[in-house]
2 protein chains.
Amino acid sequence: MTLIVQKYGGTSVGSVEHIQGVARKVRGFREKGHDVVVVVSAMSGETNRLIGMANEISQRPVPREMDVLISTGEQVTIALLAMALTEIGCLARSYTGGQVKIHTDSAHTKARIEAIDSENICADLKAGHVVIVAGFQGTDDQNNITTLGRGGSDTTAVALAAALNAEECQIYTDVDGVYTTDPRIVESARRLSKITFEEMLEMASLGSKVLQIRSVEFAGKYNVPLRVLSTFEEGPGTLITTEELESMEQPVISGIAFNRDEAKLTLLGVPDVPGVAAKILAPVGEKNIEVDMIVQNVGADQTTDFTFTVHRNDVDAAHEILEVVASQLGAREVRKDAKICKVSVVGVGMRSHAGVASQMFETLATEGINIQMISTSEIKISVVVDEKYLELAVRALHQTFDLALEDAS
Amino acid sequence: MTLIVQKYGGTSVGSVEHIQGVARKVRGFREKGHDVVVVVSAMSGETNRLIGMANEISQRPVPREMDVLISTGEQVTIALLAMALTEIGCLARSYTGGQVKIHTDSAHTKARIEAIDSENICADLKAGHVVIVAGFQGTDDQNNITTLGRGGSDTTAVALAAALNAEECQIYTDVDGVYTTDPRIVESARRLSKITFEEMLEMASLGSKVLQIRSVEFAGKYNVPLRVLSTFEEGPGTLITTEELESMEQPVISGIAFNRDEAKLTLLGVPDVPGVAAKILAPVGEKNIEVDMIVQNVGADQTTDFTFTVHRNDVDAAHEILEVVASQLGAREVRKDAKICKVSVVGVGMRSHAGVASQMFETLATEGINIQMISTSEIKISVVVDEKYLELAVRALHQTFDLALEDAS
C-alpha cells in the first residue's frame, strides 16, 4: 500500500458532476490499494464570486476578513467531495486547514505553511478513509484563518505529501503536463515526460502557469516526486523529479518560458555609492511587493542606472515609493514601462554546454528584437523585450533549440 | 456602557447592500456608547443553495459533511459584515463558531451548545471592536464542525448574551414583533409589547415562527431579556421577559398559535399493560424523531389507543418504525394522518382564570369544528383539528378572547 496525495484544481471540481467524477477517480486509486489524501480548491468561479462581494463593500477589504471569506470556497468543496465518495461506497472524511491542522504565519492572503499536524490524517487513513483536505488555507498561532494566496492549494498538497512521506504528489489540472512552451503560441510544443525541480521552478516562476512556484520549491526541498496530470484525460503527465535525464540525447534546453505580467521600473542617475541598491529595494520589499529581475549599470558620470521588474499590479505602488526614494537619493528620474515581457530559455543541460546565451541573443537579433534587460542563472537565461515581440521571440527560440523533436527519454 | 447582543437573520443580511445597512445600524449603537456583539445568519438563499448541491450528490448526505458545508454560509456573512463595519470606521472582528469557541455536543445538524469561551470576545470588546459571530455553528470536542439546526442563530445569540451577561439580546428579523396571531390570517392581530418567556415558548413551539424555541428556553433559563425587532423599520418590537404584566387589564390569553407542520400517528388496539408507551416511543426517539402531542385512551377491551404527532417530514420514518412496534406489541392497526393542524391558545393569565378550556371548546363547537386531540399545559391549551379548519378556528378564537383590543401595557 502506497500513499498518494492528489490535488484537484478549481476546474476539476467546478460542478457537482465534476466532483462526482473526481470521486470516481479517487475510488479507482483506492481499489488499486492506495491510501489517498485529496486536496481540493474552490469550485471554479467561487473565489472570484466571493472576492466580488468583498470588493462591492471595500476597495481594500481587511485581509484578515478576506481570508475568513475566501476560505469558505474550499470548505464547500471538501464537504461535497466527502459526500460524493461516501455515496459511492468509499469512506471519506473532510478537514479544513484549521482542522488538520496546517499551521501558517500570520501574513493574511499570502501566508506560509510552518508546520502540519498529521496525527488525525494518519488515524483516518489507518481506518480506511480517504482524507480530504481544503487547499489554500491554514490557521496562525492565534487561530485566525489564513490563506496561502492564489494557487496555494498546490502548496498544501506538496506540504502534506512531505509531512506524510507520500510516494507521489499528483497535481490534477486541465492540461496534461508541462510543455516545452505554450502550445497556443508554438503549435509544435511538446509535453515533457520528465523535468527537474530546478527547471520546473524556472518554468513556473517565468510564467508557465501549471504549478504554483512555492509548491515546486517545497517539493524540491523535501524531495517529493511531483506529477502534473489531466483530470479529464488519461495519461502519464509530466514527472518533476530530482533525477537529471541520463540519456546521451539529453537536450540542452528543456523549454521556453515567458511572462507578460511584469512591468519595468528604472531609476536614472543614482549616485553610485555603496548601499544604494538596498536603499532602493528595502522600501519596496516593506510593502510586500515582489521584485523579479534586477539590473544595475554603472554610468560614466559617477552615477548609475538601476532597473527592476515587478508584477504589473504592483507597478503604480512601486512607482510611488520610487518617487520618494529618488528624491532622497538625489536620482535624476524615475521611469516605468508596463509594455514589456520576459522570455527565458531553461534547461539543466546549460550547465555543461557553452554558447547557449550567444545562440539565444543571435536568434533574437536575427529577428530584429531589441533586448532591454538580461538576467542569467545556472539553468536559465531571461531577457526583457518589448511585449509586441513575445510570440515572435518564443517561436524563434523554440526552433533554434530544436524543442519540437521527440523527447529522448 | 452596556453590552448588547444583536442577531440579524438571513433576510436582514440577504445582499451586500443589506449587510451595509446592518453595519450602519450597528454603528449607530456604537455611537450611543454600547458595546455590541453581532450574530449573523447566512445570506438568505445561501443555505438552501448549499443543501441543493448536497442533495444532488446524495439523498442522505453524511451529517458531519453537511455541517462542514452549510456552516460556510454564516462564515461568508461574518467576513462581509466585518469588512462593511471597518469600511465605515468601526473596528470589527469576525469569529466562526469554532474560533469563539462555541462548544457543542456531536449531534451533527442538530447539535446543542454546551459551553462558550468568551475570553477572545471580551478582549476584543475591551479594545473597542464590534465582535461578529457566525450563528448556528460550533465545534465538538473532536474539533468537528457542528450546526445547531435551522434557526440556530437565535440560540447562538441568546447563549452569547448569557455567557457575556449582556443587557439585552435583540433579534432582528423581517417582522416588527410578536403578534397575537398571524396577521395574514387575522387582520386585526396586534403586536404585543411584552410577553413572558413561558408564553413565547408556547407561541414559538406552536408555530409562530418568529424565534427558534431553543433560544427562548435558553433566554428563560439564563434570564436574558430578549427583544424581537424589525431590521427594516424603527420600533420597540416585543420584549420577552420574566416579568408578568401587572396591569389590572391583564389579558387572560396572549395569543393564538397554530402549526400546519405536524402529522398524527395512531396505534389502535395496543394491549393495555405497563410500559407500553415507552415501548412505542423509545424506537421513535432513537431515530431522533421529535414527538409533540401524545394522547392515550384506554379502550373497553383491555386494549388502548395510542396517538401522537410528529413533524410531517418524519411521518413516513415514524410510520415504518410503528409497523414493527405494532407487530411486536400485538397491536391491531397503525394509522397515519398528515391532514391535521394544531391550534393553541396561550397565556399566563390562564393560571388564575378558570373556564378558558370550556370557552375554547365552545367556540370551536359553535363553528362546527371537530376536535381530534387535546393537550394542555399550565399556560396553553392545544387542539388538533382537520387542517381545513385552521383559519376558521384561529379567527374565531382570536375574537372570543378579545385579542384585537389595545394592549393594556
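Residues numbered from 1 in each chain as written. Chains lettered and ligands numbered in written order. Predicted model: local features only at pLDDT ≥ 70, side-chain atom pairs only at ≥ 80, totals over all residues.

1. A short note on the environment of Gln20(A)
The criterion, for reference: Numbering of helices and strands starts at the N terminus; helices are DSSP runs of H or I of at least 4 residues and strands are runs of E of at least 2. Once C-beta atoms are placed from the backbone, any two residues with those atoms within 7 Å are in contact.
Following the sequence through the fold, Gln20(A) ends up in helix 1 (residues 16–31). Residues Gln20(A) and Asp316(A), spaced 296 residues apart in sequence, show a C-alpha to C-alpha distance of 44 Å. The contact partners of Gln20(A), leaving out residues within four places of it in the chain, are Ala84(A) and Ile57(B).

2. What to know about helix 8 (residues 213–221) of chain A
Note the threshold: Three exposure classes are used, based on other C-beta atoms lying within 10 Å of a residue's own C-beta, which is placed from the backbone: buried for 20 or more, exposed for 12 or fewer, and partly exposed in between.
Residues Arg214(A), Ser215(A), Val216(A), Phe218(A) and Ala219(A) constitute the buried set of helix 8 of chain A. Immediately beyond the C-terminal end of helix 8 of chain A, within one or two residues, lies Asn223(A), with a positive phi of roughly 55°.

3. Describing the interface of chain B and chain A
As a reminder, the rule being used: Asp, Glu, Lys and Arg are counted as charged, while Ala, Val, Leu, Ile, Met, Phe, Trp, Tyr, Cys and Pro are counted as nonpolar; the rest, among them Gly, fall into the polar class.
Taken together, the 27 residues of chain B in the interface contact 27 residues of chain A. For the side of chain B that touches chain A, the elements supplying multiple residues, two or more each, are helix 1 (16–31), helix 2 (46–57) and helix 3 (63–87) of chain B. Across the side of chain B that touches chain A, the residue classes tally to 16 nonpolar, eight polar and three charged.

4. A word on the relation of the copies chain B and chain A
Convention followed: In superposing the copies, a least-squares fit is computed on C-alpha atoms, taking residues whose pLDDT is at least 70 in both.
Mapping chain B onto chain A calls for a rotation angle of 179° and an axial translation of 0.0 Å; the resulting RMSD is 0.1 Å. The symmetry that links the two subunits is that of a two-fold axis. No C-alpha of chain B lies nearer the rotation axis than that of Thr72(B), which sits 2.8 Å from it. Mapped onto chain A, 100% of the interface residues of chain B again fall at the interface, so both copies present the same surface.

5. Structural notes on the pairing of strand 1 (residues 3–8) of chain A
All names here are of chain A. Quick note on the threshold: DSSP-based pairing: two strands are paired if at least 2 bridges between them are found. If the strands point away from the viewer and the path from the first strand over the helix to the second runs clockwise, then the crossover is right-handed.
Judged by how many residues are buried, strand 1 sits mostly within the fold: five of six residues are covered. Looking at chain direction, strand 1 and strand 2 (residues 35–40) are connected through six bridges and run parallel. Pairing of lysine 7 across the sheet is with valine 39, part of strand 2. With respect to chirality, the unit in which strand 1 leads through helix 1 into the neighbouring parallel strand 2 is right-handed. Here strand 1 runs beside strand 9 (residues 168–173); their pairing, made up of five bridges, is parallel. Its bridge partner being in strand 9, valine 5 is matched across the sheet by cysteine 169.

6. A closer look at the sheet that holds strand 17 (residues 333–337) of chain B
Residue and element names in this part refer to chain B. Keep this limit in mind: With axes taken as lines fitted to C-alpha atoms, and helix axes fitted only over the stretch in contact, angles between N-to-C directions fall between 0 and 180 degrees.
Ordered in space as 15-16-14-17, the four strands form an open sheet in which the pairing is antiparallel. Only two strands of the sheet have a single partner each, and these edge strands are strand 15 (291–298) and strand 17. Going across the sheet, the axis of each strand differs from the next one's by a mean of 15°, ignoring polarity. Across eight bridges, strand 14 (residues 262–271) lies against strand 16 (residues 303–311) in antiparallel orientation. Residue pairing for strand 16: leucine 265 is matched across the bridge by phenylalanine 308. Sheet contacts for helix 9 (residues 276–286): strand 14, strand 15 and strand 16; angle to strand 15, the most-contacted strand, approximately 155°.

7. Looking at unusual backbone geometry
Only a minority of non-glycine residues have a phi that is not negative, and only a minority of peptide bonds are not trans. A cis geometry characterises the amide bond from Val100(A) onward to Lys101(A), with omega recorded as 0°. Of note, Lys101(A) is situated in the loop between helix 4 (97–100) and strand 4 (102–104). Not every positive phi belongs to a glycine, and Asn165(A) is a case in point at roughly 55°. If you trace the backbone, Asn165(A) turns up in the loop between helix 6 (152–164) and strand 9. In this structure, Asp402(B) is a non-glycine residue whose phi angle is positive, near 55°. Here Asp402(B) shows up in the segment after helix 12 (390–400).

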